[in-house]
Amino acid sequence: QVELVESGGGLVQPGGSLRLSCAATGGTISSYVMAWFRQAPGKDREFVAGINWSGGNTSYIDSVKGRFTISRDNAKSSVYLQMDSLKPEDTAVYYCAARAGSISVQQMNYSSWGQGTQVTVSS
C-alpha cells in the first residue's frame, strides 16, 4: 500500500499562488491514477483534479479549470498541484489520493490517502 504525504499548504492572499506536493512512500506510483481532493469546513470532500499514470490525461472540477494544474513525476514518486489565482472559496484541506484504474471523481474509489494540507486564501 502506497502512503502519501502532502505539503505546501499555507496562507495566501486572493490572487496568489501555492504549489502543493504529494510524496509517495512504500511503493511506486507509476501505475496509479493520482488525484487531489479538498474539504472545506462543514462540507463534504470533493474532487479537484486527477491525472492518469502517464500524465497524458487530466481532469479538473469546473471551478478550478484554468487556475489549477495537476502534474506528476513518477521518477520522484510525486504529484503536484499548482494553484494560481486563488480565491477565498478555495480555502480547504487538500488531500492527495491514489488508485489503480482510471480517473474518478468519487472518493470511495481511491485506496490511498494523505493526511491533508491546509490552504487558506484570505486578505
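Structure's up top.
Not measured: the values here are computed from a predicted model. (Residues numbered from 1 in each chain as written. Predicted model: local features only at pLDDT ≥ 70, side-chain atom pairs only at ≥ 80, totals over all residues. Heavy atoms only, no water.)

A. Representation of the overall build of the chain in the model. When its secondary structure is counted, the chain shows zero helices and eleven strands. Mapped in sequence order, the helices and strands of the chain form the string β-β-β-β-β-β-β-β-β-β-β. In terms of overall dimensions, the chain is globule-like: its C-alpha atoms have a radius of gyration of 13 Å, near the 14 Å expected for 123 residues. C-alpha extents for the chain along the principal axes are approximately 40 × 25 × 25 Å. Looking at the chain as a whole, 41% of its 123 residues are labelled buried. Excluding contacts between residues fewer than 6 apart, the proportion of contacts in the chain whose partners are at least 24 apart in sequence is 57%. (Helix = DSSP H or I, 4+ residues; strand = E, 2+ residues; numbered from the N terminus. Rg over C-alpha atoms; globule rule 2.2 N^0.38 Å. Buried < 20%, exposed > 50% of the residue type's maximum accessible area, 1.4 Å probe, protein only. Contact = heavy atoms within 4.5 Å.)

B. The arrangement of the pattern of salt bridges in detail. Tallied over the full model, the rule gives four salt bridges. For Arg 38, the salt bridge is made with Asp 90, and the minimal N-O distance between the two is 3.0 Å. Within this pair, whereas Arg 38 is found in strand S4 (residues 33-39), its partner Asp 90 is found in the loop between strand S8 (78-83) and strand S9 (92-99), the two being separated by 52 residues in sequence. According to the relative accessible area criterion, Arg 38 is buried, its value standing at 6%. Since its relative accessible area comes to 1%, Asp 90 is described here as buried. Linking Asp 62 and Lys 65 is a salt bridge whose minimum nitrogen-to-oxygen distance equals 3.0 Å. When its relative accessible area of 61% is taken as the criterion, Asp 62 is described as exposed. Residue classification places Lys 65 among the partly exposed residues on the basis of a relative accessible area of 48%. Taken together, the shared-partner salt bridges in this structure form one network comprising Arg 38, Glu 46, Arg 67 and Asp 90. (Salt bridge = Lys/Arg side-chain N within 4 Å of Asp/Glu carboxyl O.)

C. Representation of the pairing of strand S11 (residues 117-121) within the structure. Where burial is concerned, the two faces of S11 differ: the one with Thr 117, Val 119 and Val 121 is buried and the one with Gln 118 and Thr 120 is not. Summarising the sheet, strand S2 (residues 10-12) and S11 pair through three bridges and their orientation is parallel. Paired with Gly 10 across the strands is Val 119, a residue of S11. (Pairing = 2+ DSSP bridges.)

D. Representation of the state of the cysteines. Tallied over the full model, the rule gives one disulfide. Residue pairing for Cys 22: its cysteine sulfur links by disulfide to Cys 96, the two sulfurs lying 2.1 Å apart. Its torsion about the S-S bond being -85°, the disulfide of Cys 22 and Cys 96 is classed as left-handed. Of this pair, Cys 22 sits in strand S3 (residues 18-25) while Cys 96 sits in strand S9, and the two are 74 residues apart along the sequence. When its relative accessible area of 0% is taken as the criterion, Cys 96 is described as buried. (Disulfide = S-S within 2.5 Å.)

E. Here's a closer look at the pairing of S9. When you tally the buried positions in S9, you get seven out of eight residues, the bulk of the element. Taken together, the seven bridges between S4 and S9 define a ladder with antiparallel strand orientation. Residue pairing across strands places Met 34 opposite Ala 98, the latter belonging to S9. Examined bridge by bridge, S9 and strand S10 (residues 112-113) share two bridges and lie antiparallel to one another. Along S10, the bridge assignment pairs Ala 97 with Trp 113.

That is the geometry; function is a separate question.
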